[in-house]
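Examination of the molecular architecture
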Amino acid sequence: MNSRAEKRREARKNDKTPTYNFNKEQLESIVQDKTQRDIQRAKEEATQDALNFAANGMIAAFSLALHDHFGFGNRRLRKLMDKVNRIFDALDYDGADMSIDDLLNLCKEVTGIDVKSEVGG
């Protein structure tokens, strides 16, 4: 049977949390790397939020114009939004099937509308 001191020693050995020693430069480097990653992630999230906000605004504007001036109802507008969402999904940035420039060129080819010159940009 273990003595009380042996039991405490065994318990401390099992409960030990690893301790790491860093010098000031190593610690600053770790903190800076983490901070840079956090900043980059925040930029990417803000960019995506801004793009989503702008895209939603454009879809809303087109939907209202189509409804007010061309008589599009709920069903046709939902079909339009579904198609627009599928096109935007194809523009997903990682491994994208097409870029925004490809989309603008395709629009000009198919419809004769040069979005960059007519809308601005």
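What this report covers is the structure whose coordinates are included nearby. Since the model is a prediction, treat every value here as computed from it, not as a measurement.

1. Considerations on the overall build of the chain
Scanning the chain for helices and strands turns up 5 helices and 0 strands. Each helix and strand of the chain, ordered N terminal to C terminal, gives the series α-α-α-α-α. Against the globule reference of 14 Å for 121 residues, the chain gives a C-alpha radius of gyration of 29 Å, more extended than a compact globule. C-alpha atoms of the chain, sized along the principal axes, occupy 90 × 35 × 25 Å. Surface summary for the chain: the accessible area is close to 10,900 Å², and the carbon and sulfur share equals 54%. Computed over 20 positive and 21 negative side-chain charges, the inter-centroid distance for the chain is 12 Å.

2. Focus on a positive patch on the surface
Where like charges cluster on the molecular surface, the positive patch consists of Arg4, Arg8, Arg9, Arg12 and Lys16. As for its placement among the helices and strands, Lys16 is situated in the loop between helix H1 (4–15) and helix H2 (24–70). Under the relative-accessibility criterion, Lys16 is labelled exposed at 67%.

3. Quick word on the environment of Met58
Take Met58: it is sitting in helix H2. Its relative accessible area of 47% is what places Met58 among the partly exposed residues. Residues Met58 and Asn2 lie 56 residues apart in sequence; the distance between their C-alpha atoms is 75 Å.

4. Brief notes about the environment of Leu103
Secondary-structure assignment places Leu103 in helix H4 (residues 100–111). With relative accessibility at 23%, the residue Leu103 sits in the partly exposed group. Along the backbone, Leu103 and Leu64 are 39 residues apart, and their C-alpha atoms lie at a distance of 23 Å. Residue contacts for Leu103: discarding those within four places in its chain leaves Ile87, Leu91 and Met98.

5. Topic: the pattern of salt bridges
What the rule picks out here adds up to 5 salt bridges. Linking Lys34 and Asp38 is a salt bridge whose minimum nitrogen-to-oxygen distance equals 3.4 Å. Linking Lys34 with Asp38, this pair stays in helix H2, spanning 4 residues, or about one helical turn. Judged by its relative accessible area of 44%, Lys34 is partly exposed. The partly exposed category is assigned to Asp38, whose relative accessible area is 31%. Among the salt bridges present, the one from Lys116 reaches Asp101, with a minimum N-O distance of 3.5 Å. Of this pair, Lys116 sits in helix H5 (residues 115–119) while Asp101 sits in helix H4; the two residues are 15 residues apart in sequence, bridging distant segments of the chain.

Quick notes on the rules
- Residues numbered from 1 in each chain as written.
- Predicted model: local features only at pLDDT ≥ 70, side-chain atom pairs only at ≥ 80, totals over all residues.
- Heavy atoms only, no water.
- Helix = DSSP H or I, 4+ residues; strand = E, 2+ residues; numbered from the N terminus.
- Rg over C-alpha atoms; globule rule 2.2 N^0.38 Å.
- Areas by Shrake-Rupley, 256 points an atom, 1.4 Å probe, with all protein chains shown as cover.
- Lys, Arg positive; Asp, Glu negative; His and termini not counted.
- Charge placed at Lys NZ, Arg CZ, Asp CG, Glu CD.
- Patch = residues over 30% accessible without salt bridge, like charges linked within 9 Å, V, L, I, M, F, W, Y side chains within 5 Å.
- Salt bridge = Lys/Arg side-chain N within 4 Å of Asp/Glu carboxyl O.
- Buried < 20%, exposed > 50% of the residue type's maximum accessible area, 1.4 Å probe, protein only.
- Contact = heavy atoms within 4.5 Å.

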